[in-house]
Amino acid sequence: MGVTDVVMMIVQRIIGSGIFAVSSMIYRDVGGSPALFFLVWAIAGYSSYAGIMCFSELGSIIPKNGGLKVFLETIYDKPYMMINVVFGIFIVIFGSIIANVIIFGEYLLFAIGVGDEIMDAYHKPVGFLFLAIVALLLLVSTKFVVKLQTITGILKVILLLIVSLMGISVLVLPSSLTGIPNNLHPSEFFTIKTQVTISSFTSALLKAIFSFNGWHSTHTVMGEIKDPVRTMKIAAPLAILVINICYVLINLSYLIVIPSSELLELDEMVGLVLFEKLFGDSIGKIILCSLIAFSVGGNIITVLYHIARMNQEIFREGFLPFSKFMSSNYPFGTPIFAMLIPIVVTSFFLVVPTSSSVFNYAINLESYPTQVFFGLACLGIIILRRRNPDFVPGIKASMIDIAFMCLFSLTMVMGPLIKPDNSEFEGLPNYAYTSVGILLVCTAYWFFMFRLLPRLFKYDLVRQKLTLDDGMTITQWRHIQSAEDEGSGEYESI
């Protein structure tokens, strides 16, 4: 992949349905103040830039597939294999794309114009059918999918710019020509219309940052990027710049086209209201639903591609059951079996009847520990710099970027623990404490496998490299009696 491919991969991964849903909720959280509204988006935009620059420095030091996985295991190599096991099991368990598959099916059927009964019955099968087609394409030709992802990413950016420029035209052209009055007035730019608290501002910030989620994914496939240091040095900031421009223009369109009083009352339908005002009720609904389905579809392609690579790298470590089988690239030269895991997990949630709150709960279970790992990775940059003070990485993040990411991750982790709130998920255990419990279970698995059992049964757990028929090199863990093969160079003993 070259610069264009990587830029569009980041764009596809970040821009999904969030920008069409959260803006009105953010506007309400900041009291209807345009100044605070854009301040929130500016902070969120900077967080994505700071994060991707931190990860780009780590990627320039460790330019191979795995992303966050290889960063953590390089930085935190003691206790031996602990971070590998804890992070690896967590990713394999939660590596699914349930929400996006459902959203794709819903909006595609919305765009076609089917009735509510048909949509309720078929939106999950339609979403799964698209997922199956994407998986099949990835198996047959990864190069084709990468190019398809690049082309659709470019189209997505063009479509977003066209829509946002149509909204901004209301600001420039007279209302007699556009038929839509301009609702953004300079005299009210700093006016706060309803109460704003620290809690509501923080809530607004979290929603905006959610819309930038996914900036870290490209580092999962660093080994498949041409000249990764040079490419990421150009592609990473360029992609974030493109996304920020799209978001600013879309949000500006919301404030121009939709009256403030109406915007304060909207929930997740802000995108639909914008399109209806620009294109009319029926046509606006069709255009918006088509655009969201197109946007989420591109997101599914990118996410499945990344999850398959990440799962394969985890199974290559050999500490999970069936690792040899799951690591294989046979017969198409692609990680077919590693790709099956997110497909099976997603299928389970699509088949089993569950409420929408369960999906949101699952997303929180995944997002919360991810902030722990993000914070550890960004803190690891300082650790690596102290270990090798004379080493100059190809890409270097600023201390402001590093400090921001560490502080933000700490806030995200400690907040739900200090002041837990489970009102959104009544009947389910608190997601923060559940996430911590899952991480402790993963740690217990590592302790039993690498510490307790070898001592109880008096064997050494040794690492052996094995090359599969398809050329993939994996790790096998063998039990060797303590007196056997002592000093042998064939194994790495712990």
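1. Considerations on the overall build of the protein chain
- Secondary structure assignment for the protein chain yields 19 helices and three strands.
- Relative to the globule expectation of 23 Å for 494 residues, the C-alpha radius of gyration of the protein chain, 24 Å, shows essentially globular dimensions.
- Considered along the principal axes of its C-alpha atoms, the protein chain spans approximately 90 × 50 × 45 Å.
- Counting all 494 residues of the protein chain, 53% fall into the buried class.
- Counting contacts in the protein chain only where the partners sit at least 6 residues apart, residues at least 24 apart contribute 77% of the total.
- Only carbon and sulfur atoms are counted for the fraction: they give 66% of the accessible area of the protein chain, which is about 22300 Å².

2. Quick notes on helix α1 (residues 3–14)
- In a regular helix each residue adds 1.5 Å, so twelve residues correspond to 16 Å; α1 covers 17 Å between its end C-alpha atoms and thus fits that length.
- All buried positions along α1 are accounted for by D5, V6, V7, M8, M9, I10, V11, Q12, R13 and I14.

3. Digging into the pairing of strand β1 (residues 459–467)
- As judged from the nine bridges shared by β1 and strand β2 (residues 473–481), these two strands associate in the antiparallel manner. Bridging across to β2, Y459 finds its partner in Q481.
- The antiparallel pairing of β1 with β2 creates a hairpin that spans five residues between the two strands, and G471 there sits at a positive phi of about 95°.

4. Quick word on the packing of helix α7 (residues 116–140) against helix α16 (residues 336–351)
- One way to put it is that α7 packs onto α16 with a least axis distance of 11 Å and a crossing angle of 180°. In terms of orientation, α7 lies roughly antiparallel with respect to α16. Contacts between α7 and α16 involve K124, F128, L131, A135, L138 and L139 from the former and I336, M339, I343, T346, S347, F349 and L350 from the latter.
- The residue makeup of the contact of α7 with α16, split by class, is ten nonpolar, two polar and one charged.

5. Some remarks on the packing of aromatic side chains
- Tallied over the entire structure, the rule returns 23 aromatic pairs.
- Pairwise contacts between aromatic rings join Y27, F37, F38, W41, F189, F190, F212 and Y247 into one cluster.

6. Observations regarding the state of the cysteines
- For the structure shown, the criterion picks out zero disulfides.
- For the unlinked cysteine C54, the closest cysteine sulfur is that of C378, found at 4.1 Å.
- Just so you know, C406 is unpaired, no disulfide at all, and the nearest cysteine sulfur is the one on C378, 5.5 Å from it.

7. Describing the environment of D401
- Mapping D401 onto the fold places it in helix α18 (residues 399–418).
- In the structure, D401 is positioned 171 residues away from R230 in sequence and 20 Å away in space, judged by C-alpha atoms.
- Once residues lying within four places of it in the same chain are set aside, the contact partners of D401 are Y46, Y49, A50, M53 and C54.

8. Looking at the side chain of H123
- Inspection of the secondary structure assignment puts H123 in helix α7.
- With residues near it in sequence (within four places) discarded, H123 still touches I102, G105, E106, L109 and I118.

9. Things to note about helix α5 (residues 82–94)
- Compared with the 18 Å implied by 1.5 Å per residue over 13 residues, the 19 Å span of α5 between its first and last C-alpha is a close match.
- In terms of residue burial, α5 counts as a mostly covered element, since eleven of its 13 residues are buried.
- Within α5 the residues assigned to the buried category are I83, N84, V85, V86, F87, G88, I89, F90, I91, V92 and F94.

10. Describing the pattern of salt bridges
- One pass over the full model with this rule turns up five salt bridges.
- E57 is paired through a salt bridge with R385; the nearest N and O atoms lie 2.8 Å apart. In this pair, E57 is assigned in helix α3 (residues 34–61) and R385 in helix α17 (residues 356–387), connecting sequence segments 328 residues apart.
- On the accessibility criterion, R385 (22% relative accessible area) is partly exposed.
- Here K69 ties to E73 by a salt bridge, and the two come within 3.0 Å at their closest N and O atoms. Highlighted residues: K69 and E73, both in helix α4 (residues 68–75), separated by four residues, approximately one helical turn.
- We classify E73 as buried; its relative accessible area is 16%.
- A single network of salt bridges, built from pairs that share partners, joins K69, E73 and E317.

11. Notes on a nonpolar patch on the surface
- A cluster of nonpolar side chains, contributed by I151, I154, L155, I158, L159, I162 and M166, occupies part of the molecular surface with about 570 Å² of accessible area.
- You can see I154 is positioned in helix α8 (residues 142–172).
- Using a relative accessible area of 36% as the deciding quantity, one classes I154 as partly exposed.

Calculation criteria
Here, residues in each chain are numbered from 1, in the same order as that chain's written sequence. The predicted nature of this model means local features are confined to residues of pLDDT at least 70 and side-chain atom pairs, given and counted, to a pLDDT of 80 or more, with totals for whole chains, interfaces and linings taken over all residues. Hydrogens and water are ignored here; the side-chain numbers use all heavy atoms of the structure. Going along the chain from the N terminus, every DSSP run of H or I of four or more residues is numbered as a helix, and every run of E of two or more is numbered as a strand. Atoms counted for the radius of gyration: C-alpha only. Globule rule: 2.2 Å times the number of residues to the power 0.38. For every residue, the accessible area (1.4 Å probe, protein chains only) is compared with the maximum for its type, and the residue is labelled buried under 20%, exposed over 50%, or partly exposed between those bounds. When checking whether two residues touch, look at their non-hydrogen atoms; a contact exists if any pair is within 4.5 Å. Methods summary: accessible areas were calculated by the Shrake-Rupley approach with a probe of 1.4 Å, and residue burial reflects only the protein chains presented. An expected span of 1.5 Å times one less than the residue number is assigned to each helix. Strand pairing requires that DSSP identify at least two bridges connecting the strands. In this analysis an axis means a line fitted to C-alpha atoms, helices contributing only their contacting stretch, and an angle means the value between N-to-C directions, from 0 to 180 degrees. Angle categories: roughly parallel below 35 degrees, roughly antiparallel above 145, roughly perpendicular from 65 to 115, and oblique for all the rest. Throughout, the ten residues Ala, Val, Leu, Ile, Met, Phe, Trp, Tyr, Cys and Pro are labelled nonpolar, Asp, Glu, Lys and Arg are labelled charged, and all others, Gly among them, are labelled polar. Stacked, tilted and edge-to-face are the three classes applied to pairs of Phe, Tyr and Trp rings, where Trp contributes its six-membered ring and a pair requires centres within 6.5 Å; stacked means planes under 30 degrees apart, edge-to-face means over 60, and tilted covers the rest. Criterion for a disulfide: a pair of cysteine sulfur atoms at a distance within 2.5 Å. The term salt bridge refers to a side-chain nitrogen of Lys or Arg lying within 4 Å of a carboxyl oxygen of Asp or Glu. By definition, no residue in a patch forms a salt bridge, and every one has over 30% relative accessible area; like charges are joined within 9 Å, nonpolar side chains (Val, Leu, Ile, Met, Phe, Trp, Tyr) within 5 Å.

No statement about biological role is implied by the geometric values presented.
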